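# An overview of the molecular structure
This is what each chain is made of:
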Amino acid sequence: MKQILVGVDGSKESRAALATAVDLAAARKSLVRLACVVAPFDAFSPDAIAFPEQLEAHREAARAIVDELAQQFGKQGVPIETQVIDGLAAEKLATLAQQPEVELVVVGHRGRSAVSRILIGSVADRLVQICPKPVLVVR
């Protein structure tokens, strides 16, 4: 396996996904690519476009997340690359997965109820539907 793409957001579920990806990467001598996606809207009001200074603050927070995770999990001897990108998480991860070196995508799944998934949606559910590569959802 060349690369394992891992979508992270700092949650305990995304940390579990990263731990699983690092274990797989260590066994296969693969690179882990951490991607944190910054949504172009205010999380508390999905209809409101974020102001530029809000987006920059979200990017800085995302950069801090991927840097901390890379440092923490990189101690296990697995090479880790990081990136922060803007957009909708499932769509951006699926686009990154189109690159030929990416062979697996790993994400965490938040234990939302069926009603919550319908109303809010789930990145993991959407990614499984649209991703061109295999997706491992870690609970």
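One can find the structure itself at the top, above this paragraph.
Below: a short report on this structure. Only a predicted model underlies this, so the values are computations on that prediction, with no experimental measurement involved.

Generally speaking, soluble globular proteins have nonpolar side chains that are buried together. One finds Ile4, Val6, Val8, Leu18, Val32, Leu34 and Val106 to be the most contacted residues of the largest nonpolar core, which totals 22 residues. In terms of residue count, the dominant contributor to this core is helix α2 (residues 52-74) (six residues). Beyond its immediate sequence surroundings of up to four residues, Val6 is in contact with Ala17, Leu18, Ala21, Val32, Arg33, Leu34, Ala35 and Val106. One finds Leu5, Leu96, Val105 and Val107 within the second-largest nonpolar core, a separate group that totals 15 residues.

Let's shift gears to the pattern of salt bridges. Oppositely charged side chains can pair when the atoms bearing their charge come close. Under the criterion given, the structure shown has seven salt bridges. Close ionic contact of Glu68 with Arg15 constitutes a salt bridge, the shortest N to O distance being 2.9 Å. Separated by 53 residues along the polypeptide, Glu68 in helix α2 and Arg15 in helix α1 (residues 12-28) bring together distant segments of the chain. With a relative accessible area of 32%, Glu68 lands in the partly exposed category. The exposure class assigned to Arg15 is partly exposed, which follows from its relative accessible area of 28%.

Inspection of the secondary structure assignment puts Lys29 in the loop between α1 and β2 (31-38). The spacing of Lys29 and Gln3 is 26 residues in sequence and 9.2 Å in space, taken between C-alpha atoms.

For α2, with 23 residues, the first-to-last C-alpha span of 32 Å sits near the 33 Å given by 1.5 Å per residue. Here α2 has its buried residues at Leu55, Ala62, Val66, Leu69, Ala70 and Phe73. Of the surrounding secondary structure, the elements contacted by the buried residues of α2 are α1, β2 and β5 (80-86).

Further remarks concern the environment of Glu56. Among the structural elements, Glu56 can be located in helix α2. Here Arg59 takes part through its side chain, which lies 3.2 Å from a polar atom of the side chain of Glu56.

Okay, the sheet that holds β2 next. Adjacent strands of a sheet form backbone hydrogen bonds with each other and so pair up, either parallel or antiparallel. Across the sheet, which stays open at both edges, the five strands sit in the order β5-β2-β1-β6-β7 with parallel pairing between neighbours. A strand with exactly one partner marks an edge of an open sheet, and here the two such strands are β5 and β7 (135-138). Neighbour-to-neighbour, the strand axes of the sheet open up by a mean angle of 25°, direction not taken into account. Relative to β7, strand β6 (residues 102-108) is paired through four bridges, and the arrangement is parallel. Across the sheet, residue Val105 finds its bridge partner in β7, namely Val135. In the packing of α2 onto the sheet, contacts are made with β2 and β5, and the angle to β5 comes to roughly 165°.

What counts, and at which threshold
Residues numbered from 1 in each chain as written. Predicted model: local features only at pLDDT ≥ 70, side-chain atom pairs only at ≥ 80, totals over all residues. Heavy atoms only, no water. Core = buried A, V, L, I, M, F, W, Y, C linked by side-chain atoms within 4.5 Å. Buried < 20%, exposed > 50% of the residue type's maximum accessible area, 1.4 Å probe, protein only. Helix = DSSP H or I, 4+ residues; strand = E, 2+ residues; numbered from the N terminus. Contact = heavy atoms within 4.5 Å. Salt bridge = Lys/Arg side-chain N within 4 Å of Asp/Glu carboxyl O. Expected span 1.5 Å × (residues − 1). Polar contact = N/O pair within 3.5 Å; in protein donor to acceptor, adjacent residues only side chain to side chain. Pairing = 2+ DSSP bridges. Axes fitted to C-alpha atoms, helices over the stretch in contact; angles between N-to-C directions.

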